[in-house]
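One-letter residues, chain by chain:
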Amino acid sequence: MTTTIGSLITSQVIQLLTGSSGVNSYLAASTQDNGQAMVPLSALQVRAQNVSAEIADQSNTMQYPAVNVYCEKIVNSLIEKFRSLSGNVQTTIELRFSQDRLDGLQDVLENYTDGIIQVLNANRGDWGNGMFYTGAYQVLFGAVKHGGKNFLQVAKIVFEIGVSRS
């Protein structure tokens, strides 16, 4: 039961991100500073996996931006004494963006990150099946590295889902 809740939450987050009111609806309204529209995410770019950027780059199917969703930690703190699982599930959305030049890399990454955050903000509350999201999150921006199309930067959005299941 404990491990399946991680998969259930991961698939729920992917549905929220790729659905009709997902990231692409926010990206359509957003434009970069130079006036270019943000490129929408395809369903193939949003995956349920926790894989390092180095290994992912060796895959021939890698497309940027790439969004990886995964369960990082499950804490059964038994807040409700007679439930089999009552606690928090720490979930991570890892956004990777790559391009051939350094200029504007972080700006584009921040725009995609903002779209993901707007989806999370719009989905505060009860997610059903004993899951709820309070709205709190943390965003971590990594340093630019060599990889992908030449330069690669990663943003991690970490948040907790409350769980109460029998």
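That block above? That's the structure.
All of these numbers come straight from a predicted model, not from anything done at the bench.

Section: the side chain of Arg96
- If you trace the backbone, Arg96 turns up in strand β3 (residues 85-99).
- Given a relative accessible area of 2%, Arg96 falls into the buried group.
- Side-chain polar atoms of Arg96 contact the side chain of Glu94, separated by 2.3 Å.

Looking at the packing of aromatic side chains
- Applying the stated criterion across every chain yields a total of three aromatic pairs.
- Taking the centre distance of 5.9 Å and the plane angle of 45 degrees together, the rings of Trp127 and Tyr133 count as tilted. Accessibility assignment for this pair places Trp127 and Tyr133 in one class, buried.
- Members of the aromatic cluster, each reached through a chain of ring pairs, are Trp127, Tyr133 and Phe159.

A word on the pattern of salt bridges
- One pass over the structure, following the stated rule, counts four salt bridges.
- A salt bridge links Arg83 to Glu80; the shortest N-O distance between them is 3.3 Å.
- A residue is classified by how much of its surface remains accessible, and Arg83, at 30% relative accessible area, is partly exposed.
- Residue Glu80 is classed as partly exposed on the basis of its relative accessible area of 33%.
- Sharing partners across several salt bridges, the network here consists of Glu94, Arg96 and Lys156.

Scoring rules and cut-offs
Residues numbered from 1 in each chain as written. Predicted model: local features only at pLDDT ≥ 70, side-chain atom pairs only at ≥ 80, totals over all residues. Heavy atoms only, no water. Helix = DSSP H or I, 4+ residues; strand = E, 2+ residues; numbered from the N terminus. Buried < 20%, exposed > 50% of the residue type's maximum accessible area, 1.4 Å probe, protein only. Polar contact = N/O pair within 3.5 Å; in protein donor to acceptor, adjacent residues only side chain to side chain. Phe/Tyr/Trp six-rings, centres within 6.5 Å; stacked < 30°, edge-to-face > 60°. Salt bridge = Lys/Arg side-chain N within 4 Å of Asp/Glu carboxyl O.

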